Amino acid sequence: MNASEITSASTTLGVGLVGAGARRSAGVRLQRFAVAYGVVVVFLALFVVMSVASDAFLTKTNLLNLLEANADIGIVACAGTLVIVAGGLDVSVGAIYALAAVLSAKLAIDVGVVAGIVAGIGSGIVMGLFNGLVVTVGRVNSFVATLAGGIVFQSVAQVVTGANLLTPEQASFTDLGRNSFLGIKWVVWMFAATIVVTSVLLARARFGREASVVGANPEAARLSGVRVARVRCMTFVLSGFAAGIAGVVVTSQSGQADANVGGTGYVLAVIAAIAVGGSSLRGGEGAIWRTVLGVLFLGLVTNGLHLLDVNPTYDQLFVGLLILLAVAAQVVGRRHAGSGTT
Amino acid sequence: MVPLLKARAVSKQFGGAQALVGVDLSLDRGEVHCLVGENGAGKSTLGKIIAGVVQPDGGSVEVDGKHVDYRAPRDALRDGITIVEQELSLVPAMTVAENVLLGIRGRGRAGSARRLVERLSSEFSLDLDVGEEVGRLPVAEQQKVEILRALARGSRLVVMDEPTARLAGGEAANLRKIIRRLAESGTTVVYVSHFLDEVLEVGDNVTVLRNGRVVRSSPARHETEESLVTAMLGREAVLGFPEKVCPDPSAIPVLEVEDLRGRKLDGAVGFAIQPGQIVGLAGLVGSGRTEVARLIFGADRPTGGRVRIDGEDIRGASTSEVISKGVSYLPESRKDLGLFMRMSSQENVTLSALGRVCRLGLVDRRRERRETSDVLERLAVHPPHPRARVETLSGGNQQKVLFAKWLWHSPRLLIADEPTRGVDVAAKFGIYELLAELAAGGMGVLLISSELDEIVGLSSRVVVMARRRQVAVLEGDDICEDRILRCAFGGGVTKAAA
Amino acid sequence: MLQRLRDYGVAVALVLLCVVFTASTNDFLTSDNIRNLVEQAAEPGLIALGMTVVIIAGEFDLSAGAIFGFGGVIAAVVNNSSGMATAIAAGLAIGALLGLINGLIVSRGGIESFLVTLATQFVFVGIAIYLTAGTNNWQIRDAEQFGQLAHGSIFGVQYGAWMALASFAVAGWVLARTAIGKQVFAIGGNLTAARVAGVRIHVVRVGVFVVSGLCAALAGVLAASDTGVAQADGGIGMEFSAITAVIIGGTSIAGGRGNVWRTIGGVFLLAVVANGFTLLYIDPTYNLLVQGSIILAAVIGDARVKRLVPA
């Protein structure tokens, strides 16, 4: 199209090409970069600091331990990112984790290892589906729905264990958690697999794009033909599935399960990882790599605290502070780099 | 006499764009001053600066001869300046009286405060039931609550931003009467609007803005619609409706609605749209037009009746199914329901039919680019680069992306709900041209509009709704503003549906 | 009809439960048991009161349980050095301070309250544990004397219950009858409207968190007084019960509507359930399950009502 055609076509349909947001100053662009990639910078900085400060840090054993220790949270956080991007919130992951752990242990003891694993993971899926249905069909706000659901799940876990500690002894059960492949524990491989799958889902798959629009504006998404309820429900199912896997794997690693695992501390860690990573907690945008960085960052911080001989009781105190700092930084960053409207 | 408000060289920047540059404005007591201009010309911004909602970057504002620096609406309130925005700011769960008195302290006991509100309401012929919950009131009444609130604070200046955008004819006329009463009692009104005929009727003075600058300020009686449009655009513009196309009555209708009922409707709806026909859906605000559109589109579930697209029954289908049958719906509230600002134009366009660019559940980006480039070119959308977020585009371009979204999969039926709302005069006619072009290509168009001249100018058939039921179907010579209005107010004969 | 359910449902449920329990055991409808019930409801009731105000303003306070513990700890620590009156004042002051911190981060920081208070919950508990030198317990010297706060009584009912009642009355009056009360509803109902109307949003919002902190701290001080020991993490989980009580009482989770009397209904419903369980020797583990199920049913019901009732 030549210039005059362009001008007449644009005036035919629209207004002059003046309007909000056409040009961005360099300062604004820098701020946007900082908001978007700040977490990478901070992470690298911390990594460097710790390598320098402690000889024990930059060893293969220590780094592998770091991955191992945080793999289960990582798996749950990756799935949790999908929920948040779709505009929801799953605060029942700690409880799903607990019930899955407990069920897998109980069935491993009573029936068999395979039954235990199936029960654990299956229960995660069922609980996720339950959450999803309450939110979509029941039309309940997801925070409240998963809050209530979480209470129910955790209490069922209490009932199942009768306040006892369950210890499945079978080797084949604990193998899952304790064995390695190419020198790396299975749980880390599972984390890696989760990262790949969720990344593809979010960034490349139709599901991911639909989840993003549902989180950005559910009514507009519906009017655009997206099956909103289905998408949202699916995110909760995936989150439950992940929490179920985490429960089974950790039980397998430790060889024991009781109903007090998980809980709000777990939820805090998962949400902290996602928030610190930089994905917006309001939904609509987010990335798995961010969550991974967030998980590792939190892992680094707790690792560092322990190296500094800080009592692990205070771990959550620092995680809490980190959430506040991370979210505050995001909010401030967005405010400065944001665009206005006429 | 010192003017009530004087703005000097006011400028404002948003992000990288200049919304206002070197704007001067002078307002007297009891004056009705109108601000006109294209979308993005800055009139809304100027109104917001006056009311303290937005802070200027440069220049100064004086009230009663004294320099003021408003950092929040509260500051302007103290000087007696209020704003009634397009998005009404009311608390739905509270009553009219409570909303009016919100934030006003020291009003004594509840009883006397309520009486004050009642007195104001009748004094200005607002006729509101002050005990009613605001959430239950229709939009036109809610707007009156806002005006009442301005009065209760003893406002000396009220800024109204597009107040008649969502009002039907009679209500808009009523509002104009209220504004004149306000002016007569000494209140200054700043009236921001696209409706040039209203502006000329109710305004004392008119200021035209273009690209953020003042073109001229002059008394309304010295202006005409044409002179205002010329000033707004900087050139002459043609303002006429395209030719109407006569549809082929023997072809299978693109849309056939038979005995359609829904929870929010009071009766059954029935009409048909031929290929190449533009059918207007007219009625007052709240008469049920958008509800009908939503039922056809699958956004709400019908409770009875049939909907056929090209002869195929689609009643009860979900929105995604309806879209796949070739129906597009351009919703009323474009900013809220149309575009996803953080996605690119391509991604916005393909959203309604993602299946077309997906393989095995994954999005094929190359295919997406190919498929969307055609329609984006045709509408002359030129983002800085292909993956640029829609939020970085100008308002006009954004609108084009929205049209592109609904046209790219060549729909059979386009439901356009208030397509020219908030659009300035020149662009409006551009949209009319587009609609006529689409119809000429065989598309059926259901045009929902509160602007009677649009309905009359474009439609070859008009369905009129009143109080949530269909009251008339008008054809040919029966289509005129007079007839439509009478039906819309509750009269009229229901002709047999086609 | 569903609107009526929301309005009176909790009252009906409460009455039904009482009838059922009275029929099931002789121990329920005794003056001792009822008195006990009311007294036990004082602490959760106070926390629920603060939570109600916060929820009406459209926010959440998940740190209430943490402030409960903190308040008790501070009162205990101060009591051991400065005596009872100062201790109580200190406990309340810390509650207000922690609430102030919450409010400032939420309002000035522009961050979602559930996220902020989820984080501050752990920060406050952590600090409280630190203050108790990591032991998480603080024995109160002169427990007898400090215990008078909790154990003293008027007409045979402990001070705690009277304090809770008085707090409810004051809060209820302020919400319903004062301008600032209306402003709380406004920021919960339509924030933009409140801003345009000139409401001092930051002040009101921070204020509701301060109220919540005060209520939680008062409850914590009462608890410390009652048991003679202060536990830094003794309140964990109480915020969920409080939210449950508020919701089943019928206050909308979305904010903008509701009142404190509904919450009393919710608090008593939960208290009666727990009480009944004890009397009937049902495993207390099931209590949490029942609570969770009740809140689930209540929120689904709440969502349904919202759909059907416009506005």
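See the structure shown above.
Residues numbered from 1 in each chain as written. Chains lettered and ligands numbered in written order. Predicted model: local features only at pLDDT ≥ 70, side-chain atom pairs only at ≥ 80, totals over all residues. Heavy atoms only, no water.

## Notes on unusual backbone geometry
Residue and element names in this part refer to chain B. The backbone of Asp259 sits at a positive phi, close to 55°, despite the residue not being glycine. Judged by its relative accessible area of 40%, Asp259 falls in the partly exposed class. Within the chain, Arg468 stands out as a residue other than glycine whose phi angle is a positive 65°. The residue Arg468 is located in the loop between strand E21 (461-466) and strand E22 (469-475) in this model. (Buried < 20%, exposed > 50% of the residue type's maximum accessible area, 1.4 Å probe, protein only. Helix = DSSP H or I, 4+ residues; strand = E, 2+ residues; numbered from the N terminus.)

## Description of the sheet that holds strand E2 (residues 17-27) of chain B
Residues and elements named next belong to chain B. Taken together, four strands build an open sheet; the order of strands is E2-E1-E4-E5 and the sheet is antiparallel. Since the sheet does not close on itself, it has two edges, and those belong to E2 and strand E5 (66-68), each with one partner. Between one strand and the next, the sheet's axes are offset by a mean angle of 30°, whatever the strand orientation. As paired elements, strand E4 (residues 58-63) and E5 share three bridges and run antiparallel to each other. For Glu62, the partnering residue across the bridge sits in E5 and is His67. Against the sheet, helix H1 (residues 43-50) contacts strand E1 (5-14) and E2, and its axis sits at roughly 60° relative to E2. (Pairing = 2+ DSSP bridges. Axes fitted to C-alpha atoms, helices over the stretch in contact; angles between N-to-C directions. Contact = heavy atoms within 4.5 Å.)

## Topic: the interface of chain C and chain B
On the side of chain B, 21 residues touch chain C, which itself brings 20 residues to the contact. Of the roughly 1,600 Å² buried at the junction of chain C and chain B (both faces included), carbon and sulfur atoms supply 62%. The tally of links from chain C across to chain B stands at two salt bridges. Its salt-bridge partner being Arg257 of chain C, residue Glu133 of chain B comes within 3.8 Å of it at the nearest N-O pair. The interface formed by chain C and chain B includes one residue pair in polar contact (both at pLDDT 80 or more). Counting residues per element, the ones that place at least two in the side of chain C that touches chain B are helix H9 (179-189) and helix H10 (191-196) of chain C. (Buried area = accessible area lost by both parts, 1.4 Å probe. Salt bridge = Lys/Arg side-chain N within 4 Å of Asp/Glu carboxyl O. Polar contact = N/O pair within 3.5 Å; in protein donor to acceptor, adjacent residues only side chain to side chain.)

## A word on helix H5 (residues 139-152) of chain B
Residues and elements named next belong to chain B. An ideal rise of 1.5 Å per residue puts 20 Å on 14 residues; H5 measures up with 20 Å between its terminal C-alpha atoms. Taking burial as the measure, the 14 residues of H5 include 13 buried ones, the bulk of the element. Once H5 ends, the next one or two residues include Gly154, with phi positive near 65°. (Expected span 1.5 Å × (residues − 1).)

## Observations concerning the state of the cysteines
Residue and element names in this part refer to chain B. All told, the structure shown has zero disulfides over all chains when counted by the stated rule. This cysteine, Cys480, is not joined by any disulfide, and Cys487 carries the nearest cysteine sulfur, 9.0 Å off. Using a relative accessible area of 2% as the deciding quantity, one classes Cys487 as buried. (Disulfide = S-S within 2.5 Å.)

## A closer look at the packing of aromatic side chains
Summed over the entire model, instances satisfying the criterion amount to 12 aromatic pairs over all chains. Pairing Phe143 of chain A with Phe60 of chain C gives two aromatic rings, centres 4.8 Å apart and planes at 75°, and the pair type is edge-to-face. Remark: Phe60 of chain C occurs in the loop between helix H3 (42-56) and helix H4 (64-82) and Phe143 of chain A occurs in helix H6 (residues 142-161); the pair is interchain, linking two chains. Comparing Phe143 of chain A with Phe60 of chain C, the two get one shared label, buried. Taking the centre distance of 5.0 Å and the plane angle of 25° together, the rings of Phe241 of chain B and Tyr432 of chain B count as stacked. (Phe/Tyr/Trp six-rings, centres within 6.5 Å; stacked < 30°, edge-to-face > 60°.)

## Looking at a negative patch on the surface
Residues and elements named next belong to chain B. Taken together, Asp197, Glu225, Glu226, Asp453, Glu481 and Asp482 make up a surface patch of like negative charges. Among the elements of the structure, helix H8 (225-233) and helix H17 (481-488) are those that each provide at least two residues to the negative patch. By secondary structure assignment, the location of Glu481 is in helix H17. (Patch = residues over 30% accessible without salt bridge, like charges linked within 9 Å, V, L, I, M, F, W, Y side chains within 5 Å. Areas by Shrake-Rupley, 256 points an atom, 1.4 Å probe, with all protein chains shown as cover. Lys, Arg positive; Asp, Glu negative; His and termini not counted. Charge placed at Lys NZ, Arg CZ, Asp CG, Glu CD.)

## Let's talk about the environment of Val159 of chain B
Checked against the element boundaries, Val159 of chain B lands in strand E7 (residues 157-161). Residues Val159 of chain B and Arg308 of chain B, spaced 149 residues apart in sequence, show a C-alpha to C-alpha distance of 47 Å.

## Points about the pairing of strand E19 (residues 413-417) of chain B
Residue and element names in this part refer to chain B. Along E19, five of the five residues are buried, which leaves the element largely enclosed by surrounding structure. Strand direction decides the pairing type here: strand E16 (residues 327-330) and E19, joined by four bridges, are parallel. The residue bridging Tyr329 from the neighbouring strand is Ile415, located in E19. Bridge count for E19 against strand E20 (residues 444-448) is five bridges, and the pairing is parallel. Bridge assignment links Ala416 to a residue of E20, and that residue is Leu447.

## Re the packing of helix H12 (residues 238-249) of chain C against helix H13 (residues 260-279) of chain C
Residues and elements named next belong to chain C. Between H12 and H13, the least distance of the axes is 7 Å, while the angle of their chain directions is 120°. With respect to H13, the element H12 is oriented oblique. Viewed along their axes, H12 and H13 form a crossing whose handedness is right-handed. The residues of H13 that touch H12, namely those facing Ser241, Thr244, Ala245, Val246, Ile248 and Gly249, are Arg262, Thr263, Gly266, Val267, Leu269 and Leu270. Considering only residue class, the contact of H12 with H13 consists of six nonpolar, five polar and one charged. (Parallel < 35°, antiparallel > 145°, perpendicular 65-115°, else oblique. Left-handed = near helix turned anticlockwise from the far one by under 90°. Nonpolar A, V, L, I, M, F, W, Y, C, P; charged D, E, K, R; others polar.)

## Brief notes about a nonpolar patch on the surface
Residue and element names in this part refer to chain C. On the surface, Ile154, Phe155, Tyr159, Trp162 and Leu165 cluster together into a nonpolar patch covering about 530 Å² of accessible area. With three residues, the single largest contributor to the nonpolar patch is helix H8 (residues 159-177). Here Trp162 shows up in helix H8. Under the relative-accessibility criterion, Trp162 is labelled partly exposed at 33%.

## Regarding the sheet that holds strand E3 (residues 32-37) of chain B
Residues and elements named next belong to chain B. As summarised here, the arrangement of the six strands in space is E6-E7-E8-E3-E9-E10, forming an open sheet in which the pairing is mixed. Looking at strand neighbours, the two that pair on one side only are strand E6 (81-84) and strand E10 (213-219), the edges of this open sheet. Direction aside, the axes of adjacent strands within the sheet are offset by 15° on average. For E3 and strand E8 (residues 188-192), the ladder comprises four bridges, and the chain directions are parallel. Paired with Cys34 across the two strands is Tyr191, which belongs to E8. Across the face of the sheet, H8 comes into contact with E3, strand E9 (205-210) and E10 while running at roughly 30° to E9.

## Here's the deal with the side chain of Thr372 of chain B
Along the polypeptide, Thr372 of chain B turns up in helix H13 (residues 365-378). Ignoring sequence-local partners within four residues, the contact set of Thr372 of chain B consists of Gln346, Val349 and Thr350 of chain B.

## Quick word on the pattern of salt bridges
All names here are of chain C. For the coordinates displayed, the defined rule picks out 41 salt bridges over all chains. In this structure, the salt-bridge partner of Arg205 is Glu59, at a minimum N-O distance of 3.1 Å. Taken as a pair, Arg205 in helix H11 (residues 201-227) and Glu59 in the loop between H3 and H4 lie far apart in primary sequence, 146 residues in all. Taken as a pair, Arg205 and Glu59 share a single burial class, namely buried.

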